[in-house]
Amino acid sequence: MDALLGPPKSVWEGGPLQASDHRVSFGGYRRSVENRRLLLPALHAVQDRIGWISQGALGYICRRLTVPPAEAYGVAGFYALLSMEEGPPRRAHVCDDVACRNAGGLDILAGLDGRPDVHPSPCLGQCDRGPAVFLQRAGEEDAVLVSTTARRVAEVLDGGAVSAPSVAVPQAGDPSLRLLRRVGVVDPASLDDYRASGGCAALARAVEMGPDAVLAEVKASNLRGRGGAAFPMGVKWEGVARSPVKPRYLICNADESEPGTFKDRVLMEGDPFALIESMIIAGLAVGAERGYLYIRAEYPLSAARLEEALARMREAGMLGEDAAGSGQMFDIEIRRGGGAYICGEETALMNSIEGKRGEPRNKPPFPTQAGLFGMPTVINNVETLVNVIDIVLEGGAAYAATGTEHSTGTKLFCLAGAVARPGVYEVEFGETLGGLIGLAGGVTGTGRLGAVLLGGAAGMFVGEEHLDMPLTFEDARDRSAALGSGVVLVYDDDADFRDAARRIAQFFRDESCGQCVPCRVGTVRQEELLARHLGGARLEEDLFDDIAKVMMDASICGLGHTASTAIRSAIDLGLLEREDG
Amino acid sequence: MADGADPPGVTLTVDGAAVAVPAGSTILDACRAAGKDQPTLCYLDNLTPVNACRVCVVEVDGNRTLAPSCSRPVEEGMAVGTDTDRVRHSRKMVYEFLASSADMGLVDEQTVRWMSYYGCDPARYGPQAGPVEDRDERTAGHHRIGDGHAAETVHQSVKVDNELYVRDYSRCILCYKCVEACGEDAQNTFAIAVAGRGFDARISTEFDVGLTDSACVFCGNCISVCPTGALMFRSEHELRAADMWEEDRQTVTRTVCSYCGVGCNLDLHVQDNRIVKVTSPIDHSVTSGHLCIKGRFGYEYVQELGDLAVTPIDEVLRRARG
């Protein structure tokens, strides 16, 4: 705590009583509001150091920050990775989500059943090399195990060492790659190597062009967001850049948590400088003085590499008072999430940065009008931002020549499940779903396709009839699907879809923030209905539709809107019917 | 603008009828101006809208999803539907979801009427699961997976940890009103907040400590905003438990609090010549419905005169006083 905030300045902050403290009082509402944004980092500091947050520790945080203890408790308890109970110093979170569960995740949980330091976990973003385990270690860095076993997890929990897994992409070395061209090829820790491979050229060019010209190129590129909503990036940027209100903020959403998604992790681990460079270009273009990079806690390697890249680029003068010689102030702060899928929702993420519970806000107002701290804010996904480099270097019109008219550029897809070569693939928009699966070596297992979970838990199952669908935003929409975050989780025809559907229902119930009634209760009733059906009862389809409809119509955010789509699609494709009956 | 002229107005339609309201009004304001009141649960005139319950949703032409009327500002030319199929469906479902998971037995008459208007049938989710005592210990992101044959509920035992009021969270629908009244909207005490996540979210003090160990100052403003009777005077709770709470025999006497010079209006709810509850009118210019511990609970001296005849409810009230 004190490492984060420095020693307490007076008795009012929890320090020893000094003579000077008798004459001043220090605290109050404004101070509480100003300090609130430090709450999550403070909670992390305690969790990292001692492995749980005791009542005394919470009390100390509250005194230092002037935050009411009840509210701090409400914030801490919102996050799955902040523990309020004393436990073992090391905890393993074993992924049993859609990709990992049948790749060995369930076996690990069964093998370690009964250990108090082992917990099941939603998707950890390592779907191409499952089963994955996220390790929290008091007093040490968090770590990740991939392609692991129960024996190995037990060994590490009992004190064994861990080394970081390397990052590679199946297409490495392919000259047509754009976003992935440096991943697995260039040293992610060296700014010199980054520069030698063409890095920082876009930033220099952007400074030379000036914010208005950069904005014009971004608009001309027709780039649409890659986080799931496919909103045109230029519109967001322009809204903020033209706003008369200051300060403005830039946020990079790196809270990649959609089950089956790991593309942003690969970019951040493999090419961290590119993301920081893109953020600087974006920050300067929209006139933001501060950028936040909000990354999920389950990505310790990405966070470490980004911290390192940030430090190198700050040393090189690309951040700070006069960022990259632009004459503008811009700096970036990295924020870690706490284990909450909902914080990938843009307004929930802002509340999380502000030190509040990660509950989504009602829109309007939109972030471009009133975002972080109520100020105009641009928030973009990692993959979206990294595209900016090519847009600046080539020009928006040249960039827009790739892909299709309404889906410009290339797209990263996360191939996992029953495919020969799982991993992140970069293809031009317009490649078909079948072509993409072919690129990954085709269907394994029985060799016959059962279904594809397209877009993750918030997406839908699609069958063979979608294999000819070009992967573009418009084609997906025309066929009532969505690309979402680029998840292509492949199942062969022997897969247990009933089990997959149940896990998805469980996921949404666990990850609902609980704020609005349709989603808070609807995700529970949906899971119960599915459990009855899988237990042998007739499917209550009318009731399912009623539940799905209210979540879709009346929930505050996208979590509720999409909480039933995958299960609905599984019903429609007949995937939940018993083979024997 | 001439003196006394109205601020610039916004014209919209509610169920096809044109209505003009001042700019900055909400859709709910416009509906009320058009004579079409909407159901609400988490909304109250003296609190900031949190738009969490979603029972006031309306259909706005051109919007993909329904909009919470309590907080969405009106826009020129907006076309609002308050009784469309989608609106009726969502409202019915919200009420059903709440009634299938919490005890709604003490909601106001209006809510009862709306629930019957929308044809709610909470029983269709199966029999309700019985009370559990571990809700305060549940951790985010994990839950026990059942067989689906009982609808999960928030039922649990009543928290009785002081003489002034009780917390019966089996009735809690998580409308956030008590948190707002305890916090920035009235008392600025911040003794309670929403803790946990998802269906396991609950109203709690830090680490679920008792109210007497928390920051609570016992102003009782949370009680006055609670729409379901989850927060209740200890006296009312005891009288109800003894089957002696008889609202139709109670009188309400408006008076001014005698403690300080602020001039808060008090409504004394009296049964058998004994004060059983104190409220303040929500439209009172001094209180906006909020009081302090003295006005809310400091009435004992009025009835401890020693010469009153003992009534049947005295023993119950004495128990409530500890």
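Per chain, residues are indexed from 1 in the order of the written sequence. Lettering of chains starts at A and numbering of ligands starts at 1, both following the order in which they are written. Reporting in this predicted model follows two pLDDT cut-offs: at least 70 for local features of residues, and 80 or more for side-chain atom pairs to be given and counted; totals over whole chains, interfaces and linings ignore these cut-offs and use all residues. For side-chain calculations, the full set of non-hydrogen atoms in the structure is used, while hydrogens and water are omitted.

Asker: Would you mind going over the overall build of chain B with me for this structure?
Answerer: Runs of E in the DSSP output that reach at least two residues are strands. Runs of H or I that reach at least four are helices, and both are numbered from the N terminus. Helix and strand content of chain B: nine helices and twelve strands. The C-alpha atoms of chain B give a radius of gyration of 22 Å, which matches the 20 Å a tight globule of 322 residues would have. The contact rule is simple, with two residues in contact once any of their heavy atoms fall within 4.5 Å. Within chain B, contacts between residues at least 6 apart in sequence are counted, and of these 58% link residues at least 24 apart. As displayed, chain B offers around 14,000 Å² of accessible surface, 51% of which is attributable to carbon and sulfur atoms. When charges are counted, Lys and Arg are positive and Asp and Glu negative, with His and the chain ends excluded. For this purpose, a charge sits on NZ of Lys, CZ of Arg, CG of Asp or CD of Glu. Within chain B, one finds 31 positive and 47 negative side-chain charges whose respective centroids are separated by 3 Å. Put simply, the radius of gyration uses C-alpha atoms, and a globule should come to 2.2 Å times the residue count raised to 0.38. Exposure was quantified through the Shrake-Rupley algorithm and a 1.4 Å probe, taking into account, for residues, occlusion by the shown protein chains and nothing else.

Asker: Honestly, the interface of chain A and chain B in this entry has me stumped. Any pointers?
Answerer: A common way to state how big an interface is: give the accessible area lost once the parts meet. Between chain A and chain B, the contact holds 57 residues from the first and 60 residues from the second. Contact between chain A and chain B buries roughly 4,800 Å² in total, counting both sides, with carbon and sulfur atoms accounting for 56%. Take the accessible area each of two parts loses on contact, using a 1.4 Å probe, and add the two losses: that sum is the buried area. When the buried surface of chain A facing chain B is broken down by residue, Tyr73, Arg525 and Asp553 of chain A rank first, second and third, together holding 14% of it. Salt bridges are defined by distance alone: a side-chain nitrogen of Lys or Arg within 4 Å of a carboxyl oxygen of Asp or Glu. On the surface where chain A and chain B come into contact, there are five salt bridges. The salt bridge involving Arg509 of chain A is made with Glu152 of chain B; its shortest N-O contact spans 2.9 Å. Nitrogen and oxygen atoms within 3.5 Å of one another constitute a polar contact, given that in protein one can donate a hydrogen and the other can accept it, and given that sequence-neighbouring residues count only through two side-chain atoms. At the junction of chain A with chain B, the criterion picks out 25 residue pairs in polar contact (both at pLDDT 80 or more). Those elements that place two or more of their residues in the side of chain A that touches chain B are helix 4 (55-65), helix 5 (69-76), strand 2 (118-121), helix 20 (497-511), helix 21 (517-534) and helix 22 (541-554) of chain A.

Asker: In this structure, what is going on with the sheet that holds strand 3 (residues 57-60) of chain B? I would like to understand it.
Answerer: The strands making up a sheet associate through hydrogen bonds between their backbones, and the pairing can be parallel or antiparallel. Residue and element names in this part refer to chain B. A pair of strands is treated as paired once DSSP finds two or more bridges between them. Pairing in this open sheet of five strands is mixed, and the strands run 2-1-5-3-4 from one edge to the other. In the strand order of this sheet, the two ends are held by strand 2 (17-22) and strand 4 (67-68), each with one partner. In this structure, strand 3 lies alongside strand 5 (residues 79-81), joined through two bridges in antiparallel fashion. Bridge pairing links Glu59 to Gly81 in strand 5. In this description, a line fitted to the C-alpha atoms serves as the axis of each element, helices being fitted only across the stretch in contact, and the angle between N-to-C directions of two axes falls anywhere from 0 to 180 degrees. Here helix 2 (residues 85-101) sits on the sheet and contacts strand 3 and strand 5; the angle it forms with strand 3, its principal contact strand, is near 160°.

Asker: It is not clear to me how the pattern of salt bridges should be interpreted in this structure. Could you clarify?
Answerer: Any two side chains of opposite charge can pair, on the condition that their charged atoms come close. Applying the stated rule across the entire model yields 77 salt bridges over all chains. Put simply, Arg115 of chain A and Asp158 of chain A hold a salt bridge, and the shortest N to O gap is 3.0 Å. With a gap of 43 residues between them, Arg115 of chain A in the loop between helix 6 (105-111) and strand 2 and Asp158 of chain A in the loop between helix 7 (150-157) and helix 8 (191-196) connect regions that are remote in the sequence. Arg115 of chain A sits in the partly exposed class, given a relative accessible area of 24%. Any residue under 20% of the maximum accessible area for its type is buried, any over 50% is exposed, and the rest in between are partly exposed; the area is computed with a 1.4 Å probe on protein chains only. The exposure class of Asp158 of chain A is exposed, given its relative accessible area of 58%. The residue Arg167 of chain B makes a salt bridge to Asp161 of chain B at a minimum N-O spacing of 3.0 Å.

Asker: Can you walk me through helix 3 (residues 39-50) of chain A in this structure?
Answerer: Three or four residues apart is the spacing at which side chains of an α-helix point the same way, because the helix has 3.6 residues per turn. Residues and elements named next belong to chain A. Look at helix 3: 17 Å from first C-alpha to last across twelve residues, which is about the 16 Å you get at 1.5 Å a residue. When you tally the buried positions in helix 3, you get nine out of twelve residues, the bulk of the element. The set of residues buried in helix 3 consists of Leu39, Leu40, Pro41, Ala42, Leu43, His44, Ala45, Val46 and Gln47. One or two positions beyond helix 3, positive phi appears at Gly51, with a value near 85°. Each residue after the first adds 1.5 Å to the expected span of a helix.

Asker: I tried to follow the domain arrangement of chain A on my own but got confused; where do I start?
Answerer: All names here are of chain A. With domains assigned, chain A is organised as domain 1 (2-76), domain 2 (90-157), domain 3 (191-394), domain 4 (410-492) and domain 5 (497-572). Using C-alpha coordinates to define each centre, domain 2 is positioned 30 Å away from domain 3. On the side of domain 3, 13 residues touch domain 2, which itself brings 13 residues to the contact. Considering only the surface of domain 2 that becomes buried against domain 3, Cys123, Gly125 and Phe134 emerge as the three largest contributors, covering 35% of it. Here domain 2 and domain 3 share three salt bridges between them. Two residues, Glu269 and Arg129, come together in a salt bridge whose shortest N-O distance is 3.9 Å. Linking domain 2 to domain 3 there are three residue pairs in polar contact (both at pLDDT 80 or more). Ten residue types, Ala, Val, Leu, Ile, Met, Phe, Trp, Tyr, Cys and Pro, are classed as nonpolar, four, Asp, Glu, Lys and Arg, as charged, and the remainder, Gly among them, as polar. Its residues assigned to classes, the side of domain 2 that touches domain 3 shows seven nonpolar, two polar and four charged. An automatic or database domain assignment provides the domain bounds reported here.

Asker: Can you help me understand the packing of helix 22 of chain A against helix 24 (residues 565-572) of chain A in this one?
Answerer: In a packed pair of helices, the relevant descriptors are the angle between the two axes and the axis-to-axis distance. All names here are of chain A. It is the contact of helix 22 with helix 24, at a shortest axis distance of 11 Å, that shows an interaxial angle of 150°. Considered as vectors, helix 22 and helix 24 are oriented roughly antiparallel to each other. The handedness of the crossing between helix 22 and helix 24 is left-handed. On helix 24, the residues touching Glu541, Phe544, Asp545 and Met552 of helix 22 are Thr565, Ile567, Arg568 and Ile571. Every angle not falling under 35 degrees, over 145, or within 65 to 115 is termed oblique; those three ranges are roughly parallel, roughly antiparallel and roughly perpendicular. By definition, turning the near helix anticlockwise from the far helix through less than a right angle yields a left-handed crossing, and turning it clockwise yields a right-handed one.

Asker: Sorry if this is basic, but what is going on with a nonpolar patch on the surface here?
Answerer: Patch membership requires more than 30% relative accessible area and the absence of a salt bridge. Residues of like charge join within 9 Å; the nonpolar side chains Val, Leu, Ile, Met, Phe, Trp and Tyr join within 5 Å. A cluster of nonpolar side chains, contributed by Tyr259, Tyr301 and Val302 of chain B, occupies part of the molecular surface with about 300 Å² of accessible area. Turning to its location among the elements, Tyr301 of chain B is positioned in helix 8 (residues 300-303).

Asker: Is there a simple way to think about the nonpolar core in this case?
Answerer: Across soluble globular proteins, nonpolar side chains have a tendency to be buried as a group. Residue and element names in this part refer to chain A. The set of buried Ala, Val, Leu, Ile, Met, Phe, Trp, Tyr and Cys residues whose side-chain atoms join them within 4.5 Å is what this entry labels a nonpolar core. Within the largest apolar cluster, 211 residues are counted, with the highest numbers of intra-cluster contacts made by Trp237, Leu275, Ile276, Ile280, Leu293 and Phe461. Among the elements that make up this core, the one with the highest residue count is helix 13 (residues 272-286) (eleven residues). Those residues in contact with Ile280 that lie beyond four places of it in its chain are Leu203, Met313, Met318, Leu319, Phe330 and Ile332. In terms of nonpolar packing, the next biggest core, distinct from the first, is built from 25 residues, Phe413, Leu415, Val419 and Leu433 among them.

Asker: Would you explain unusual backbone geometry in this entry?
Answerer: Trans is the common state for peptide bonds, and a negative phi is the common state for residues other than glycine. Residues and elements named next belong to chain A. Look at the link from Lys363 to Pro364: it is a cis peptide, with omega at -5°. With respect to the secondary-structure elements, Pro364 resides in the loop between helix 15 (346-353) and strand 8 (377-381). Put simply, Pro364 and Pro365 share a cis peptide bond, and its omega is 0°. You can see Pro365 is positioned in the loop between helix 15 and strand 8. Positive phi, normally seen in glycine, also occurs at Ser480, with a value near 55°.

Asker: Where do I start with the environment of Gly395 of chain A in this structure?
Answerer: Residue and element names in this part refer to chain A. Its place among the elements puts Gly395 in the loop between helix 16 (382-394) and helix 17 (396-400). Residue classification places Gly395 among the buried residues on the basis of a relative accessible area of 14%. Put simply, Gly395 and Gly463 are 68 residues apart on the chain and 38 Å apart in space, counted from C-alpha to C-alpha. Residue contacts for Gly395: discarding those within four places in its chain leaves Glu217 and Asp390.

Asker: In this structure, what is going on with the sheet that holds strand 8 of chain A? I would like to understand it.
Answerer: Residue and element names in this part refer to chain A. Read across the sheet, four strands follow the order 7-6-5-8 without closing on themselves; strand pairing throughout is parallel. Looking at strand neighbours, the two that pair on one side only are strand 7 (331-336) and strand 8, the edges of this open sheet. Going from strand to strand, the sheet's axes swing by 20° on average, the running direction of each strand aside. Here strand 5 (residues 249-254) pairs with strand 6 (residues 290-295) via six bridges, running parallel. Within strand 6, the residue paired with Asn253 across the bridge is Tyr294.

Asker: Whenever I open this one, the state of the cysteines confuses me. Can you help?
Answerer: By definition, a disulfide links two cysteine residues through a covalent bond between their sulfur atoms. Two cysteine sulfurs form what is called a disulfide whenever their separation falls within 2.5 Å. Under the definition given, this model contains zero disulfides over all chains. With no disulfide of its own, Cys200 of chain A has Cys252 of chain A as its nearest cysteine by sulfur position, at a separation of 17 Å. Here Cys200 of chain A falls in the buried class, since its relative accessible area comes to 9%. No disulfide involves Cys53 of chain B; its sulfur sits 3.7 Å from that of Cys42 of chain B, the nearest cysteine. Assessed through its relative accessible area of 5%, Cys53 of chain B is described here as buried.

Asker: Looking at this structure, I do not really get the environment of Ser285 of chain B. What am I missing?
Answerer: Residues and elements named next belong to chain B. Topologically, Ser285 is positioned in the loop between strand 12 (274-279) and helix 7 (293-297). Under the relative-accessibility criterion, Ser285 is labelled exposed at 71%. Considering only alpha carbons, one finds Ser285 and Cys264, 21 residues apart in sequence, at a separation of 8.8 Å.

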